[in-house]
Structure formats: C-alpha cells, structure tokens
Amino acid sequence: MNLTDGIFRCRFHASWEEPRPLVAGKVYEITIEPFASCNLFKRGHRIRLDISSSNFPKYDVNPNTGESPADGREKRIARNTLHLSTACPSRLTLHLADPASLASLPSASASP
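Below is a short write-up of the structure. (Residues numbered from 1 in each chain as written. Predicted model: local features only at pLDDT ≥ 70, side-chain atom pairs only at ≥ 80, totals over all residues. Heavy atoms only, no water.)

### Re the overall build of the chain
Inference 1: Along the chain, the regular secondary structure elements total 0 helices and 0 strands.
Inference 2: Taking 2.2 N^0.38 as the reference for a compact globule, 112 residues should give roughly 13 Å; the C-alpha atoms of the chain span a radius of gyration of 19 Å, well beyond that estimate.
Inference 3: Overall, the chain is about 55 × 40 × 25 Å in size when its C-alpha atoms are taken along their principal axes.
Inference 4: Out of the 112 residues in the chain, the part that is buried amounts to 6%.
Inference 5: Intrachain contacts of the chain at a sequence separation of at least 6 include 48% that bridge at least 24 residues.
Inference 6: As presented, the chain carries roughly 10,600 Å² of accessible surface, and 54% of it is formed by carbon and sulfur atoms.
Inference 7: Separation between the mean location of the 14 positive side-chain charges and that of the 11 negative ones in the chain comes to 8 Å. (Helix = DSSP H or I, 4+ residues; strand = E, 2+ residues; numbered from the N terminus. Rg over C-alpha atoms; globule rule 2.2 N^0.38 Å. Buried < 20%, exposed > 50% of the residue type's maximum accessible area, 1.4 Å probe, protein only. Contact = heavy atoms within 4.5 Å. Areas by Shrake-Rupley, 256 points an atom, 1.4 Å probe, with all protein chains shown as cover. Lys, Arg positive; Asp, Glu negative; His and termini not counted. Charge placed at Lys NZ, Arg CZ, Asp CG, Glu CD.)

The structure is reproduced here in structure tokens:
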C-alpha cells in the first residue's frame, strides 16, 4: 500500500527558472519531499521506498529528454542510481511522533 509520494523533475536541479539537463555519470544531490502523511507503524512492520522515473497517470509523462512534457515527441529510458557509499550517501528521513502525544486522539473504533 502506498502511503505517500513525491516528485522532483531533475532538470530543475540547479534552479526553477533555468532548467538544465543532468550530466551522465555526475552525482547530484536530490531532495524529494513527500506529501504529508501519517501512519502508525507497529513492531514488525516494514517500510519500502520506491524510486521511479514515472508515476503516470498521477503526474504527466516525463520524456527524459529535457523537452516539455507537453511538446516532447522523443522518449528516452531513464536510468536512476541510488548511491549508498560513504562518499555519496542516501537516506530516508522519517519524523516520529511522541507516543504520549497520541494518547488524546480518538481510537479508530470510536464512533463519531
């Protein structure tokens, strides 16, 4: 079950005003902000993170050519690399709520 997702067009890695293509073989720091979400993970639950170049039809198709999705006629296959070395680390940051602060919330079984 997907809890949330986020999107970042890498051609805007330098600025939103001047799109620039990525250079093959160069490592870029990319931050993808997921949309706000909340879930209770209990002991034994596991989390999976998917990295993709597409989430169509939720988001427009990315031709991976640098062209506007509305005008793009060519398509290229994107190759994503997630770096896991100490020189180029990747991470997933989860913000945790204090369980004591959740005590005042109504339970899922409570009727309105």
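### With respect to the pattern of salt bridges
Inference 1: Counted by the stated rule, this structure contains 3 salt bridges.
Inference 2: Residue K58 pairs with D5 through a salt bridge whose shortest N-O separation is 3.0 Å.
Inference 3: Of the residues examined, K58 reaches a relative accessible area of 53% and is grouped as exposed.
Inference 4: Taking the relative accessible area as the measure of exposure, D5 reaches 18% and is therefore buried.
Inference 5: Note that R9 is salt-bridged to D60, the shortest N-O span being 2.4 Å.
Inference 6: Accessibility expressed as a relative area gives 16% for R9, which makes it buried. (Salt bridge = Lys/Arg side-chain N within 4 Å of Asp/Glu carboxyl O.)

### Thoughts on the packing of aromatic side chains
Inference 1: Enumeration according to the criterion identifies 2 aromatic pairs in this entry.
Inference 2: When the ring of F8 is compared with that of W16, the centres are 5.8 Å apart and the planes differ by 65°; the resulting orientation is edge-to-face.
Inference 3: Here F8 falls in the partly exposed class, since its relative accessible area comes to 24%.
Inference 4: Ring-pair connections join several aromatic residues into one group, and the members of that group are F8, F12 and W16. (Phe/Tyr/Trp six-rings, centres within 6.5 Å; stacked < 30°, edge-to-face > 60°.)

### A closer look at the side chain of D5
Inference 1: Only 2.8 Å separates the side chain of D5 from the side chain of N55, close enough to count as a polar contact.
Inference 2: Side chain to side chain, D5 and Y59 meet in a polar contact 3.3 Å long.
Inference 3: Not counting residues within four places of it along the chain, the set of residues in contact with D5 comprises E33, P34, F35, N55, K58 and Y59. (Polar contact = N/O pair within 3.5 Å; in protein donor to acceptor, adjacent residues only side chain to side chain.)

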